[in-house]
Amino acid sequence: MENKRTGQVIKVNANMVTAQVAGQIVQNEVAYIVCGQERLKAEVIRVRGDQAEMQVYESTQGLRTGDTVEFTGELLSVELGPGLLGQIFDGLQNPLPALAEKCGFFLKRGVYLEALPDEAQWDFTPLVKPGDKVMAGSWLGFVPEKIFRHYIMAPFALSGTLEVESISPAGKYNLKQPVARLRDSSGSLHEVCLQQLWPVKIPIFAYAEKLRPMEPLVTKMRLIDSLFPVNRGGTYCTPGPFGAGKTVLQQLISRHAEVDIVIIAACGERAGEVVETLKTFPGLTDPRTKKPLIDRTIIICNTSSMPVAARESSVYTAVTIAEYYRQMGLNVLLLADSTSRWAQAMREMSGRLEEIPGEEAFPAYLESRIASFYERAGVVRLRSGQTGSVTIGGAVSPAGGNFEEPVTQATLKVVGAFHGLSRERSDARKYPAIDPLISWSKYEGFVKSENREKLHALLRRGNEISQMMKVIGEEGTSLKDYIEYLKSEFFDFVYLQQNAFDPVDEATTKERQVYLLDFIGGILKTDYDLQDKASALHFFQSLRQLMRTWNSASYGSPEFKKNEEQISTLLESKGLKKEK
Amino acid sequence: MQKSYTNIIQIAGDVITVEAEGVGYSDIAQITTRRGVSLAQVIRIEGKKVSLQVFAGTRGIATGDRVRFLGHPMRVATGEELLGRIFNGSGVPLDHGPLLSEGLTDIGSPSVNPSRRVVPSKIIRTGIPMIDVFNSLVESQKLPIFSIAGEPYNELLARIAIQAEVDIIIVGGMGLKHDDYLFFRDTLNAHGALSRCIFFMHTASDPTVECLLVPDISLAVAENFALSGKRVLVLLTDMTNFADSLKEIAITMEQVPSNRGYPGDLYSQLAARYEKAVDFEGAGSITILAATTMPGDDVTHPVPDNTGYITEGQFYLKSGVIEPFGSLSRLKQQVNGKTRADHRTIMDTMIQLFASYRETLEKQSMGFQMSAWDQKLLKYGALFESNMMSLKVNISLEKALDLGWKILSDCFTPEETGIKLSVIQQFWPR
């Protein structure tokens, strides 16, 4: 062990502190600044000669020159082990409810608690025996955590093939009791506990290979699944101006998405929204597992008034935990709201470092940071043959709602799907306010691409006609065009829009989407016996009304069938049969 | 021990740099000049060079003036004694009353632990139908009024202050005209609300740095009251001036500007203030209403834009009325289901019909012929504007809902409103 290295504070500029250090300095190591009774966590972000420039994860009020800084030599890490599910952490993985018990209403600075409680006992079952060959990430045993088998894995930092020297028998163990010993090729022994540490800014690579994301992730949002699908292991972003419904959209996806685990990173946003998730999730049931939703959720919460540097680390904390569960062969969805606040945290730090600013004063490395964050998503084949995935969905809050700004542009370069929210759609109370005319997806969903293409074409054509009508009026539009316009409006209204307050309509299963889309497809390609614009409008309005009611009926119920018959009757009344 | 230094090596803008040792970041210092004594706050430490922003401005400061560090951050007196009093941004009385030093508390306390917040659930009634009916104000909400210079946003704030059912009102004025300050004082006094009010006033002629302190000092006092179980309403006007002061200091400190000269941390700075709005479990609450003027009526300007991302909705004040479109209270769903059974119906129906009225107006201005339906909408729109939207209207929520039914029945048949039959049977006036 090297001696504890220390330094002295020489500069304080808001949350950036510079220290004079005698010995060596490790880039990105964690340091503690001693300020009276308090020890403030900081991270070295630049080294200049014998000076270490650090971002402090707390308020720097009262820091003085000459205050002692203790360097740990460790990179900023998170604790990985059973007990993470259902928890709520801050950006540095402090458990917030435990912190509240200790400090009351306010987040007292310099108080760091263990992320996972020491005293918890876990029921361990071994999966290997002495003499077995293992590698980093191999499953050595498991403990039950909520509804999952939480696999205890060989530490990710190990390299090469190791031999199991000893493994504990089945029984109860706490997080820090060794359960196995592994011998590496050079003969040295490594102890394995239920818990391991991993530095947040380094991706976990303990898998066989990364695969192409091919399997659709069903979010139960018709607009997303059918037109702009996201695949498991893929990435997508939802930029939108304030009030367009980014957060509501993410909340609904976090409830309904067909994945094993959802990690919500509330990064620099309103505390009130996190509170809503916090208070409602324990009472909501996951339709797939019939267990409370909170059991499959982890919340990383660094709201806008919490220290800025910790905001920067919160997205990394979240993605590291996501990768950890991926290593167990699970499908994880990470929702980050909002990546713009994370980028702003980088901008604040960059400004204090007096780096040469890029566009809108964002640092020059903005793009590469965003890219490397999204690149941590993916489907991987583990060495055991199973697959696991991390899907990342990031909300973006562009300044002024203008997508030309640097964060949105840098994000668009690296994501697989773009769900752009527009003020026009949200003002018109169209939910979800994703604008189908600007959004795109590179993934192949469960809807055939030629069908998707047809729907896109219809929406584009409908928009053209509506623009034209604004100039020449309804009178100047031909009946054929007018019907085309009504069809596109109809499709938008009954399929793309969903009622977030209707318990049935808020989430549509894949099966129902396929059925509904096929039905609507039939309507869209049929010519109807409509004599003039007024009767066309009336026809589509009545159809719309019936379809809405149909959307609120649960799938396959008698009511569902009754509604379907009513619609078919109306369709047949207009004479012309569907073209097959 | 408190040390004094007399070696001021730089004076630029409202920031001075002095050579000193052992000074804590964001500590307070006292500067004694020929013009009197002013407070200053440490904003950067670089070796021995300590930069301070001087609350009273740097005019007349000599390089040999004495700087005494007090060894603690900015503090403000709290408690019942403050009620009815008027102070400036650094907490000095403006009303010839005694200087207070009881229950000193640090300003800029840490953030509230999110796991200790509760979901807001109590409506604050204001007597303004456009707020109560259409975008209810909720206890612990943070809501700005987006407006432009010349609009009566201060009148609106004062009216809400008088009528809101809260225990304590704190008015934080930033860059106010002196007349506006007098207006607030006189209006609240005339309605007998002064005894539950506290003023922190920074007028346009006061030094910039004091403007920066107003929200912090107001919210620190509010937090103290809220923790002791009081329901506090904090009015901040005008937050754009606060942002401009931030800009001024940032430029003086040679920080790299981001958008239109504003510092890169504008979002965090505004959020640190607005996020003080809270409902404490088992204690009181803080509700924040702020005025934000939009330079050039541009909502994409950095100040309203960043504000919109932080707050829980916004009211647009345009041509003297609260504009129904764009105005939004994100928390209204938490309360408007519990007021009266017809609240949501009235809210949705009246706004939808008003949207149709606006379309009809557009058609009318383009010279299209008005159908019978258009005529009905025109009648409805006029009634809505004069009886609901006008800020002169001052009625309770229940009266406003009744009025809503009356307007609807005066203009339309029940079917035309699209309201569900069960609700019509219960509420439609006969």
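Since the structure is predicted, the reported quantities are computational estimates derived from the model, not experimental observations.

1. Things to note about the overall build of chain A
Working step 1: Looking only at helices and strands, chain A features 14 helices and 26 strands.
Working step 2: Against the globule reference of 25 Å for 580 residues, chain A gives a C-alpha radius of gyration of 27 Å, in line with a compact fold.
Working step 3: For chain A, the spread of C-alpha atoms along the three principal axes comes to 90 × 55 × 40 Å.
Working step 4: Per-residue burial for chain A yields a buried fraction of 59% across its 580 residues.
Working step 5: Excluding contacts between residues fewer than 6 apart, the proportion of contacts in chain A whose partners are at least 24 apart in sequence is 70%.
Working step 6: Accessible surface, chain A as shown: approximately 23,000 Å² in total, 51% of it carbon and sulfur.
Working step 7: When the 68 positive and 71 negative side-chain charges of chain A are each reduced to one mean point, those points stand 2 Å apart.

2. Considering helix H3 (residues 178–190) of chain B
All names here are of chain B.
Working step 1: An ideal rise of 1.5 Å per residue puts 18 Å on 13 residues; H3 measures up with 18 Å between its terminal C-alpha atoms.
Working step 2: Three or more residues of H3 are buried, namely Asp180, Tyr181, Phe184, Thr187 and Leu188. The arc that holds every buried residue of H3, seen down its axis, measures 140°, which confines them to one face. The exposed set on the far side of H3, more than 90 degrees from its buried face, consists of Asp179 and Ala190.
Working step 3: Considering only its buried residues, H3 is in contact with strand E9 (86–88), helix H2 (153–163), strand E14 (168–176), strand E15 (197–203) and strand E16 (231–237).
Working step 4: Following H3 by one or two positions, Gly192 adopts a phi angle in the positive range, close to 65°.

3. A look at the sheet that holds strand E13 (residues 162–167) of chain A
By way of backbone hydrogen bonds, the strands of a sheet pair with one another, either parallel or antiparallel.
All names here are of chain A.
Working step 1: Spatially, the four strands line up as an open sheet ordered E10-E13-E15-E16, and their pairing is antiparallel. Unpaired on one side and paired on the other, strand E10 (133–134) and strand E16 (189–193) mark the two borders of the sheet.
Working step 2: With four bridges connecting them, E13 and strand E15 (residues 178–183) associate as antiparallel partners. Directly across from Ser166, in E15, lies its bridge partner Arg181.

4. Concerning the state of the cysteines
All names here are of chain A.
Working step 1: Tallied over the entire structure, the rule returns zero disulfides over all chains.
Working step 2: Cys103 takes part in no disulfide bond, and the closest cysteine sulfur, belonging to Cys301, lies 15 Å away.
Working step 3: You can call Cys103 partly exposed: its relative accessible area is 24%.

5. Observations regarding the pairing of E16 of chain B
Residue and element names in this part refer to chain B.
Working step 1: Counting buried positions along E16 yields six of seven residues, so the element is predominantly enclosed.
Working step 2: For E14 and E16, the ladder comprises six bridges, and the chain directions are parallel. From the neighbouring strand, Gly173 faces E16, where its bridge partner is Thr237.
Working step 3: Bridge count for E16 against strand E18 (residues 285–293) is seven bridges, and the pairing is parallel. Counted as the bridge partner of Val232 is Ile286 from E18.

6. Quick look at the side chain of Thr58 of chain B
Residues and elements named next belong to chain B.
Working step 1: Mapping Thr58 onto the fold places it in the loop between strand E6 (49–54) and strand E7 (66–73).
Working step 2: For Thr58, a relative accessible area of 12% puts it in the buried group.
Working step 3: With residues up to four places along the chain from it excluded, the contact list for Thr58 reads Ile11, Gly13, Asp14, Val15 and Ile16.

7. Section: the domain arrangement of chain A
Accessible area lost during the coming together of the parts is what is often quoted as the interface size.
Working step 1: Here chain A is partitioned into domain 1 (5–75), domain 2 (79–113 + 208–441), domain 3 (121–194) and domain 4 (449–573).
Working step 2: Distance between the C-alpha centres of domain 1 of chain A and domain 4 of chain A: 62 Å.

8. Topic: the pattern of salt bridges
Residue and element names in this part refer to chain B.
Working step 1: On inspection of all chains with the given rule, the structure shows 53 salt bridges over all chains.
Working step 2: Among the ionic pairs, Glu223 bridges to Lys276, the shortest N-O distance being 3.4 Å. Of this pair, Glu223 sits in helix H4 (residues 208–227) while Lys276 sits in the loop between helix H6 (266–274) and strand E17 (278–279); the two residues are 53 residues apart in sequence, bridging distant segments of the chain. Note on accessibility: Glu223 and Lys276 belong to one class, buried.
Working step 3: By sharing partners, the salt bridges in this structure join Arg117, Lys142, Glu275 and Glu312 into a single network.

9. Things to note about the environment of Gly83 of chain A
Residues and elements named next belong to chain A.
Working step 1: With respect to the helices, strands and loops of the structure, Gly83 is situated in the loop between strand E7 (77–80) and strand E8 (88–89).
Working step 2: Looking at Gly83, the relative accessible area reads 18%, which means it is buried.
Working step 3: For the pair Gly83 and Pro144, spaced 61 residues apart in sequence, the C-alpha to C-alpha distance is 9.8 Å.
Working step 4: Setting aside residues up to four positions removed in sequence, Gly83 forms contacts with Leu116, Trp122 and Glu145.

10. Thoughts on the interface of chain A and chain B
Working step 1: Taken together, the contacts link 56 residues of chain A with 56 residues of chain B.
Working step 2: Buried surface at the junction of chain A and chain B, both sides included, amounts to about 4,800 Å², of which 54% is carbon and sulfur.
Working step 3: When the area that chain A buries against chain B is broken down by residue, the three leading residues are Phe105, Phe242 and Arg270 of chain A, summing to 18%.
Working step 4: If you look at where chain A meets chain B, you find three salt bridges.
Working step 5: The closest approach of N and O atoms between Lys11 of chain A and Glu46 of chain B, which form a salt bridge, is 3.7 Å.

11. Some points on the domain arrangement of chain B
Residues and elements named next belong to chain B.
Working step 1: Here chain B is described as being made up of domain 1 (4–73), domain 2 (80–335) and domain 3 (343–427).
Working step 2: At the junction of the two partners, domain 1 supplies 14 residues and domain 2 supplies 13 residues.
Working step 3: Buried area between domain 1 and domain 2, summed over both chains or domains, comes out near 1,000 Å², and the portion from carbon and sulfur atoms is 68%.
Working step 4: At the surface where domain 1 touches domain 2, the tally comes to zero salt bridges.
Working step 5: The interface formed by domain 1 and domain 2 holds zero residue pairs in polar contact (both at pLDDT 80 or more) in total.
Working step 6: Of all the elements in the fold, those that place two or more residues in the side of domain 1 that touches domain 2 are strand E5 (36–46) and E6.
Working step 7: Its residues placed into classes, the side of domain 1 that touches domain 2 shows seven nonpolar, five polar and two charged.

Conventions we followed
All residue numbers refer to position in the chain's written sequence, counted from 1. Chains and ligands are labelled by the order in which they are written, letters from A for the one and numbers from 1 for the other. It should be noted that, the model being predicted, local features are given only for residues of pLDDT at least 70 and side-chain atom pairs only at 80 or more, the latter also being counted only at that level, while totals for whole chains, interfaces and linings use all residues. Based on all heavy atoms of the structure, the side-chain values leave hydrogens and waters out of the count. The helix count covers DSSP runs of H or I at least four residues long, the strand count covers runs of E at least two residues long, and both are numbered beginning at the N terminus. Note that the radius of gyration is over C-alpha atoms, with the globule rule given as 2.2 Å times the number of residues to the power 0.38. Only protein chains enter the accessibility calculation, which uses a 1.4 Å probe; a residue is then buried when its area is under 20% of its type maximum, exposed when over 50%, and partly exposed in between. The contact criterion used is simple: two residues touch if any of their non-hydrogen atoms lie within 4.5 Å. Computed with the Shrake-Rupley method and a 1.4 Å probe, the accessible areas treat only the protein chains shown as cover for residues. Under this rule, positive means Lys or Arg and negative means Asp or Glu; His and the chain ends count for nothing. The atoms used to mark charge sites are NZ of Lys, CZ of Arg, CG of Asp and CD of Glu. Expected helix span is taken as 1.5 Å per residue step, with the number of steps being one fewer than the number of residues. Read the arc as the range of directions from the helix axis to the C-beta atoms. Following DSSP output, two strands are said to pair if at least two bridges run between them. Two cysteine sulfurs form a disulfide in these notes if their separation is within 2.5 Å. Domain delimitation in this document rests on an assignment produced automatically or drawn from a domain database. Each reported salt bridge corresponds to a side-chain nitrogen of Lys or Arg within 4 Å of a carboxyl oxygen of Asp or Glu. Accessible surface is computed with a 1.4 Å probe, and the buried area is the amount of it that two parts give up when combined, taken over both parts together. Identification of polar contacts relies on pairs of N or O atoms within 3.5 Å, with a donor-acceptor requirement for protein atoms, meaning one able to donate a hydrogen and the other able to accept it, and with residues adjacent in sequence counted only if both atoms are side-chain atoms. Note that Gly is not counted as nonpolar here; it falls among the polar residues with everything else outside the nonpolar set of Ala, Val, Leu, Ile, Met, Phe, Trp, Tyr, Cys and Pro and the charged set of Asp, Glu, Lys and Arg.

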